[in-house]
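Structural characterization, general
Take a look at the letters that make up each chain.
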Amino acid sequence: MKSLPYLAVLTAAFIVSLTLPCPAQNAAPPTAPPRQINLKQVRRDAPPKAAVRNLFRSQWNGTSTGMVAMQLIYNEKIRKAWNISDEQYGRMTGDIVQQLASRPEWLEIQAEIKKIQKPDDPAFQNADAETKQKWEELRERQATFMIDNYPREAGKLLTQEQRQKMREFQLATMSAAPIISPDMFEGLGLSDEQKRKMDNIKKGLESEYIQNTDEMMDAMVVYQEKIYEKIEKENGSMIDAKEFGEKMRAAEEALKSEGEFKKIMQSPLDKSRALVTRLKIKMFDVLTDEQWAKLQDLIDNPPDYVKEELAKMKKQFGDDRQSDVWQPGINTWKPGDAVPEEYRQERAKRKAFPQKEKDK
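Below is a summary of the structure that appears in this document. Predicted model only: the values in this text are computed from it and were never measured.

This next bit is on the overall build of the protein chain. Along the protein chain, the regular secondary structure elements total 15 helices and two strands. Looking at the protein chain alone, contacts between residues at least 24 apart form 79% of all its contacts between residues at least 6 apart. Total accessible area on the protein chain is roughly 17,800 Å²; 50% of this is exposed by carbon and sulfur atoms.

Turning our attention to the pattern of salt bridges. Per the stated rule, a full pass over the model turns up 21 salt bridges. For Arg-278, the salt bridge identified is with Glu-208, shortest N-O distance 2.9 Å. With Arg-278 in helix 12 (residues 260-284) and Glu-208 in helix 10 (residues 192-235), this pair connects stretches of sequence that are 70 residues apart. The exposure class assigned to Arg-278 is partly exposed, which follows from its relative accessible area of 36%. Put simply, Glu-234 and Lys-230 hold a salt bridge, and the shortest N to O gap is 3.4 Å. Of the two residues, Glu-234 and Lys-230 are both situated in helix 10; the distance of four residues between them amounts to about one turn of the helix. In the salt-bridge network here, residues are joined through shared partners; they are Arg-103, Glu-153 and Lys-156.

Here we take up the packing of aromatic side chains. Each pair of aromatic rings is reported with the distance of its centres and the angle of its planes. On inspection of all chains with the given rule, the structure shows eight aromatic pairs. Between Phe-169 and Tyr-305, the aromatic rings sit 6.1 Å apart at their centres with planes inclined by 20 degrees, giving stacked as the arrangement. Here Tyr-305 lies in helix 14 (residues 304-316) and Phe-169 lies in helix 9 (residues 160-172), a separation of 136 residues in the sequence. Neither residue differs from the other here; Phe-169 and Tyr-305 are each classed as buried. Ring geometry for Phe-284 against Trp-292: centres 5.3 Å apart, planes inclined by 55 degrees, an arrangement best described as tilted. The pair Phe-284 / Trp-292 is uniform in exposure class, with both members buried. Among the aromatic side chains, those forming a connected cluster through ring pairs are Trp-82, Phe-169 and Tyr-305. Looking at Arg-79, its charged tip hangs above the ring of Tyr-89, at a distance of 3.8 Å from the centre. Across from the ring centre of Phe-261, 5.4 Å away, lies the NZ or CZ of Lys-256, which sits over that ring.

Okay, the nonpolar core next. Nonpolar side chains tend toward joint burial in soluble globular proteins. Core analysis: the largest hydrophobic core is formed by 47 residues, its most contacted members being Phe-56, Leu-171, Phe-185, Met-265, Phe-284, Leu-287 and Leu-295. When sequence neighbours within four positions are dropped, the list of residues in contact with Leu-171 reads Met-184, Phe-185, Leu-188, Leu-295, Leu-298 and Ile-299. Counting 21 residues, the second largest nonpolar core, distinct from the first, contains Val-97, Met-146, Leu-158 and Phe-169.

So, about helix 10. Since the α-helix advances by 3.6 residues per turn, residues separated by three or four positions end up pointing in the same direction. At Leu-205, helix 10 shows its maximal kink, close to 50 degrees. Note on helix 10: the residue one or two positions beyond its end, Gly-236, has a positive phi of about 85 degrees.

Between its first and last C-alpha, helix 11 (residues 241-257) extends 25 Å over 17 residues, near the 24 Å set by a 1.5 Å rise per residue. Here helix 11 has its buried residues at Phe-244, Met-248, Ala-251, Glu-252 and Leu-255. Measuring from the backbone nitrogen of Lys-242 back to the side-chain oxygen at the start of helix 11 gives 2.8 Å, which picks out Asp-240 as the cap. Among the residues trailing helix 11, Gly-259 stands out with phi positive, at a value near 85 degrees.

On to the environment of Trp-60. Along the chain, Trp-60 turns up in helix 3 (residues 49-60). The residues touching Trp-60, leaving out its near neighbours within four places in the chain, are Ile-180, Pro-182, Lys-202, Leu-205, Glu-206, Tyr-209 and Leu-279.

One can find Phe-124 in the loop between helix 7 (104-116) and helix 8 (129-156). In this structure Phe-124 comes out as buried when scored by relative accessible area, which is 3%. For the pair Phe-124 and Glu-136, spaced twelve residues apart in sequence, the C-alpha to C-alpha distance is 9.9 Å. Among residues more than four places away in sequence, those in contact with Phe-124 are Ile-113, Ile-116, Gln-117, Thr-131, Lys-132 and Trp-135.

Viewed as axis vectors pointing N to C, helix 13 (residues 289-300) and helix 15 (residues 341-349) meet at an angle of 150 degrees, and their least axial separation amounts to 12 Å. When the axes of helix 13 and helix 15 are compared, the crossing they make is left-handed. On helix 15, the residues that touch Asp-289, Trp-292, Gln-296, Ile-299 and Asp-300 of helix 13 are Tyr-343, Arg-344 and Arg-347. The residue makeup of the contact of helix 13 with helix 15, split by class, is three nonpolar, one polar and four charged.

As a packed pair, helix 7 and helix 8 sit with axes 10 Å apart at the nearest point and diverge in direction by 165 degrees. If you check the angle between helix 7 and helix 8, you find them roughly antiparallel. As for the relative orientation of helix 7 and helix 8, their crossing is left-handed in sense. Contacts from Glu-105, Trp-106, Glu-108, Ile-109, Gln-110, Glu-112, Ile-113 and Ile-116 of helix 7 reach helix 8 at Thr-131, Lys-134, Trp-135, Leu-138, Arg-141, Gln-142, Phe-145 and Met-146. Residues that form the contact of helix 7 with helix 8 fall into these classes: eight nonpolar, three polar and five charged.

About the criteria used
Residues numbered from 1 in each chain as written. Predicted model: local features only at pLDDT ≥ 70, side-chain atom pairs only at ≥ 80, totals over all residues. Heavy atoms only, no water. Helix = DSSP H or I, 4+ residues; strand = E, 2+ residues; numbered from the N terminus. Contact = heavy atoms within 4.5 Å. Areas by Shrake-Rupley, 256 points an atom, 1.4 Å probe, with all protein chains shown as cover. Salt bridge = Lys/Arg side-chain N within 4 Å of Asp/Glu carboxyl O. Buried < 20%, exposed > 50% of the residue type's maximum accessible area, 1.4 Å probe, protein only. Phe/Tyr/Trp six-rings, centres within 6.5 Å; stacked < 30°, edge-to-face > 60°. Lys NZ or Arg CZ within 6 Å of the ring centre and 35° of its normal. Core = buried A, V, L, I, M, F, W, Y, C linked by side-chain atoms within 4.5 Å. Bend = angle between axes of the 7 residues up to and from the residue. Expected span 1.5 Å × (residues − 1). Polar contact = N/O pair within 3.5 Å; in protein donor to acceptor, adjacent residues only side chain to side chain. Axes fitted to C-alpha atoms, helices over the stretch in contact; angles between N-to-C directions. Left-handed = near helix turned anticlockwise from the far one by under 90°. Nonpolar A, V, L, I, M, F, W, Y, C, P; charged D, E, K, R; others polar. Parallel < 35°, antiparallel > 145°, perpendicular 65-115°, else oblique.

This is how it looks when you write it as structure tokens:
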């Protein structure tokens, strides 16, 4: 899944792990990890498109810290920067999933799967069309259940300090994100009135956000298939497990050099970038001068680990074009890309007229 745009890279793998077929009844216990990966099976077990759409929408609807935790806590350097303890990490990656899997809603879905699952065909490869359709619906329900519940439960384990660090991370890396969590601005210490104003801004752009992310999701699926097709054409469907990651990276780089990334992803990414820019500027206008100064400092002077992640994000998106928010490639990153320079200049003029909050 490493070739999906950055937001989906880790979350897609997480969803897949939760929606794999139930073991057949009386099946033998699992053995050592496979030495080879069946590319056809990887493609078949990709997370349901609708579930990933729900993931993107949850990012918009105020579960940012939980989603960020889910995506990035596997990075040891980030865990250290956020002061996430080994106990918290263990509970987030194990205990919470087990607890959710014991809930009645999940068990009900599992029971429905077992009703239609045959011991000799646990992955539904040879099932008829009606059974396959039912299986897809159940997988979508599984993924949606976890997307709806995991971030909330993971968020309960976080301290206020950790939530603050996560939101600051989001603010510092907003230049590379084609979609953002509007509630990340709470990391700047918003008043209730500011939250109300920002919520109204979000509501005004919500339908456009949903349309844009749906288009981006469709493009991502097409691009992912292109990568799989290239790997299979060059290597066959059975890939050595140790080489799989490298072959994914090589296929993606080849497709980018051939212009396939731009052809498939550029238009939906441009739409999302334009929307995010408009959203951010509207929300910037709600900030006090003190909050604005703090935001600029987060963007202009991020810690080294944030710079590293920002570089990865920009490389993942294959960004090699110039705009008011985005800069080309990872080697030309410079502080301030998250804010158009024209806005900085206009905002600086306001300092001649100090204010506590901007009235809308």
